[in-house]
Every structure is written in structure tokens, then in C-alpha cells.
Amino acid sequence: MANPQTRYLAGNFAPIHATLPLTPCTYQGSIPSDLAGGEYVRNGGNPLANDDLARDTHWFDGDGMLSGVLFRRKGNGTDEIQPEFVNQYLMTDVYRYAKNSSRLRRPIIPSIATLINDATPWFMVLWGVIRTVVLVMLSRLPGKSAIKKISVANTNVIYHDGRALATCESGPPLRFSLPDLQTIGWFNGRRAENEPAGDARSGFGGSGLLSFMKEWTTGHPRVDPVTGELIAFHSTFAKPYVRYSIVNSARQAELGSSSFDMPVPGVYAPKLMHDFGVSRNHTIIMDLPLVLNPMNHARGLPSLHYDSTSRSRFGVFPRYEPYRVQWFETNPCLIFHTANCWDVKTPATAKNPFKTTVNLLACRLTSASMVFQAGNLVPPVAGPIPPEYAEDDQCRLYFFSFQLSANPGEAGVVQHQWALSAIPFEFPTLAPGYEMQQAQYIYGCSTSEAFSAALGKAAKVDFLAKMDVRKLVAKGTAAPPQAIKGCVDTRTIAEIIEDNGEDDAIKIFAMPKGWFAQEPRFVPRSRPESEDDGWLLSYVFDESQLDESGDCGEDAKSELWIIDAKGMKDIVARVKLPQRVPYGLHGNWFTEDDIRKQRPFSRFRDGGHTTGQSSLWSGICDTVEEWLE
């Protein structure tokens, strides 16, 4: 049994090591024909080396594991669908080394909880880093599986230009195949390992001493549904701290080469940057007061430090011209996930010389408590906070409106910044064809408590929410609430459920008692009649399967629910999975067309099996690994 203090190794957070090939599932209800041939895939941390249950742990730690449900056509002349479940570890360098090292009891990479805990002595942080470096060096010895990239690829999954990609901030994307979820190889922005000969030039990271760092790619790259471009940023510890890339698709060959390693000026310290905003014509980089710097310990601070007396800065620039960035400053906050971003162009007047406004919807937190409590850590005590910055601890869906100056050197204006609703809101999703334009609906997760408070007890999603953001934004701009601290809709979840009006701008899907959901993904009908005409897919788990100690038995199982996204009331189908899916991070929907149009590849990335060379070297490695534990 896990240490009761280690909440993120217990219950349905606990890793599962069994993997299955595509396995037929039973189901209740009627699976929509719109899903035929497609596959839902979700990523998440699932630590392989997991014997030391008393160690530091964080929800965002762990080796990447993909869990998917393929809606296979039966092919018998009917519209019948046979759902099939599959889960696979991603064959990262770190996973392959750990898989073939029997003496490792803890993950190779130090836990995020170790790095951010201000109660951790500096020498323990240093030891965690030294241990990782030594293991990386050992991996280069004869007979071992070399660790060339430290990414665990455990955050997100996207599809771009014939490639399904798993992402994580600590490395480049990792290509995998659909529908079997086997790993193909690292993708550098031009080609992936194990693909036929193609563009051999360097891409993400370029070349040189710091190339390993510059290839670190955001966990949330954006793919433009119109142009097919992949837009990404790279946050590093070296100046200029943020770089930026645009990867063209094959159909854009006439536009010229992709652009890599473009500096974004105006960031003056290394920051933890997880997401960003991308509209049709502009990009928004978020320079928020969460400093991520290994040298912080020399100043008596943890590696990850949130400065609640500092300012949040939003850098807005034309998509292809990061050097033209305009910075907007406002009260301190954190944003890990943006929901949507779009441009509005208006004729300039004498009273309003601004021609372009870039709008952003984002899940805004008022403190860093979620980062700490996701590792079961007590957030550090904040220093004196200016009264104008003081806010209740919350995570809400916010509307930001940035008016760009038409004249170089002049500052733009933050026209609007307030919450659309008072309810907790995270892990947003929308109809994919409406990304980067003014969409009407945003879906996401909510809880009966604030997200930060819930994470202290292990984050569990007991509500899914749908917001008519167009209606809420229109109401807010017509009668703006208090800037920063105000809300357009001040109701609680209970009050929204009680109102339950057909025309309500917010609709809530309440999970049955004891059941908890994961991030939903919106999938439109084949021929939608409206933007919200489609389905929400989410892995769910019934916690009545936990024993008295709060642990899962061997026979615990999850389900994939298909929910009517228009009415937010009906579960149209429940797919019974052959095993459980631990609570994880981000997923995506891959269409039948995506699967069919994947680029060719020569082979899968293997498990990094040792070659059996040199028993002397093997003995040395075993001894050192045992000593490091």
C-alpha cells in the first residue's frame, strides 16, 4: 500500500504497469456513427520505477503512457462499431533505461515535488540532479540503452501533417503510430526517427552546445486548422529564455521553409511556461511570475518560485514576427491552459487609434498553490502582498482583451480582464474547427471545491461544464464587471444546476456520486448542425472499487463515457474497459482520416534491450545503480 501521505501514488492515481494490445470492449448504449474509425487517446504520467512508495512524488511526474479507445468499423455492411482498448508506454530514452535496470526503485528524473519544495535541503536537490547525471553517464556504457533526451513525453498528444505526437516540456515531440500506440521516434520539426530519408537538417534546437535545451518544446503546440502550421515555443534556462518555431505542413511547401529558434525578446528570467495563445494572425507568450531556475537555491529560494508581488506580462506579436512583440502588464496570476484566442479588427478613430484587438480565454489561477498541492506539498507562505493584488485562491475561465498599438514604441491597452464565471474551471476543450477564431462554446472540468483545495486531497473532477462564452463575453463587454477581480456570472455550481434553464449560458454535467471524470474532449458530428453538435469523451472511474485503504484492486476497471455535448445531460454510451486508466493529463481525438493518412515509417522504437556486452561493465552499472538507490 502507498504511503497515505503520497496521495498521487494511491487510488486511481496509482500507476498501472499492464499494457494491452487492441482489445475488444463491451459497451452499453448506442455508439454514435460519427465516431466510426476514429480513436480517442489520452496521455499521462505512469512511473515505471515505482517501488519506493515513500519518495517525493507529484501528479505531473512519471513515464508517459498512452491509453486509447479505437472505434473500429465492423465492416459487415452495417454502421456497427466495435470499440477496442489499447495502452502502451512511450519508448522514451528514460523509460528504456529504467525498463532494463532491475535495481532502480525510483524514477530517473527527480520528482517535481523535490525541486519545488522549499523544505527540501539544497544538498538533497543537488543530490537528485547528480543522481540523474550519473545515470545518464552510465547509460552510455557498453550494453546499456543510452539516455540522449530526458523527456518523459507524458503531457499531451497532437496530430500534425501525418504524425501523431506525444509532448512534454523537457524534450521534443515523440512520434507514435495509430491505432496501436507504438512509439516511432523523436520528431525534430523536420522528420522523425525511423522515417524514410527526408529533410536531414536540424530543426528544434538547431546545433551546438545548447541544442539539447533549445529543443525543449511546450506541451501544448498549436496546429492551425486552416493552414496546417504547427506553432510552438521553447522555454529554456539560457537567454533569450524563449524561442519560437513554426513548422509548415507538406501542403505548404510553396510557402518556403519552416522557421526554427526565433528569439522572443523581452523575457528577462527563466520561467515555467506551459501553454500560450495562438490566433489566426497573432501569438501570445505568457511571462508570468513563476520563476524556474536551478540557481534559485543559491539565493535561498526553491528552484520553482512564485513571486506574488511581481507582475504578469503577456507578449503579443504577429505570428511570423516575434521581434514585434508588444508587452502588456497586469496583476500576478498563473495560467497553465488557454482555451482559445482570436483577432478582432476595427476601423481606427480619433478616440480609438487601435486597429487590432487580440482576445484570449484562459484558465487563470490566483496563486501557485495548485503546483504545490499536486505534489501534496504545503504552499510556501507568501510575503507581503500589495492590497491591489490580493485575491481569493481560485481557478476560473477568464477573458483578456489586448488592444495593440498601431505605432511602434507606444504601449497597447488591456481593454478587458475578468472572469466569465465564478465556478472552478480547468482543462478546456472546444470544437476543433473553431480554434483560433471566435468560438461560441468552451467545455472543461470543474469541482465541488476550488481546484487548488481539491488538489490537496488529490484532484478529482466531479463536474463537467459547458460555457456559452460568446454570450458571457457579450454580457461582460456591455456591462463590464470589476477589472481583474470581477465575474460576469457569480453563481455557484449548485445554483447553476438548480436554475437548469435551456438558454442558460452555463450548463453542468454532474458525475454520479463516487464517480470521477478526466479531461473531456469534444468530437463533432460528421455533419454538425451547430458548433455544439457533437460529443464529449472522458475516461471515468467509480471509486467504490477502492478498498478500505483507498487502493485499487487488480480487477478495478475504468469506463469511457460518450456524453451529448449539446444538452449536457445524456450519456449516450458507456464503453467498459478491460482495466483502469489512472487519472492523467491531456487527450485528443484522431479521426479515421488522420489514421489513414499517417506518414510511412520503417520500424518502431524498440524497448532498448541491453546487448549483453561486457559482464564487467554490466556489473559496474548494477553496483552504481544500487548505491544510488
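Note that this is a predicted model, so its numbers are computed, not measured.

1. Concerning helix H7 (residues 469-478)
Okay, so step 1: All of the buried residues in H7 are Val 469, Leu 472, Val 473 and Gly 476. The buried residues of H7 all sit within an arc of 100° when viewed along its axis, so they share a single face. Facing away from the buried side of H7 by more than 90 degrees, the exposed set consists of Lys 475 and Ala 478.

2. Remarks on the sheet that holds strand E13 (residues 259-263)
Okay, so step 1: Pairing is antiparallel across the open sheet formed by 4 strands, whose spatial order is E10-E11-E12-E13. Both edges of this open sheet fall to strand E10 (222-223) and E13, since each of them pairs with a single strand only.
Okay, so step 2: Where strand E12 (residues 242-247) meets E13, 3 bridges bridge the pair, whose relative direction is antiparallel. Bridge pairing in E13 links Tyr 244 to Met 262.

3. As for the packing of aromatic side chains
Okay, so step 1: All chains considered together, the criterion is met by 23 aromatic pairs.
Okay, so step 2: Centroid distance Phe 314 to Phe 400: 5.0 Å. Interplanar angle 40°. Geometry classified as tilted. One end of the pair, Phe 314, is in strand E18 (residues 312-318); the other, Phe 400, is in strand E22 (residues 395-404), and 86 residues separate them in sequence. Taken as a pair, Phe 314 and Phe 400 share a single burial class, namely buried.

4. Details of the UniProt feature "binding site: Fe cation" (unreviewed entry) in the protein
Okay, so step 1: Mapped onto the present numbering, the UniProt feature "binding site: Fe cation" (unreviewed entry) falls at His 220, His 274, His 337 and His 586. Sequence-wise these annotated residues cover 367 residues; spatially they are packed, their C-alpha atoms never more than 12.7 Å apart.
Okay, so step 2: Following the sequence through the fold, His 220 ends up in the loop between helix H4 (211-214) and E10.
Okay, so step 3: If we skip the residues at most four places from it in the chain, His 220 touches Asn 156, His 274, Asp 275, Phe 276, His 337 and His 586.
Okay, so step 4: Relative to the helices and strands, His 337 resides in strand E20 (residues 334-345).
Okay, so step 5: Sequence-distant contacts of His 337, that is, excluding residues within four places in its chain, are made with His 220, His 274, Asp 275, Ala 362, Cys 363, Glu 426, Phe 427, Pro 428 and His 586.

5. Quick word on helix H3 (residues 122-138)
Okay, so step 1: Along its 17 residues, H3 runs 24 Å from first to last C-alpha, staying within 8% of the 24 Å computed at 1.5 Å per residue.
Okay, so step 2: Those residues of H3 lying buried are Val 125, Gly 128, Arg 131, Thr 132, Leu 135, Val 136 and Leu 138. For H3, the arc enclosing every buried residue in end-on projection is 165°, short of the 170-degree limit, so these residues lie on one face. Pointing more than 90 degrees away from the buried face of H3 are the exposed residues Trp 122 and Met 137.

What counts and how
Residues numbered from 1 in each chain as written. Predicted model: local features only at pLDDT ≥ 70, side-chain atom pairs only at ≥ 80, totals over all residues. Heavy atoms only, no water. Buried < 20%, exposed > 50% of the residue type's maximum accessible area, 1.4 Å probe, protein only. Helix = DSSP H or I, 4+ residues; strand = E, 2+ residues; numbered from the N terminus. Arc of directions from axis to C-beta. Pairing = 2+ DSSP bridges. Phe/Tyr/Trp six-rings, centres within 6.5 Å; stacked < 30°, edge-to-face > 60°. UniProt positions renumbered as here; feature names shortened; annotations may be inferred. Contact = heavy atoms within 4.5 Å. Expected span 1.5 Å × (residues − 1).

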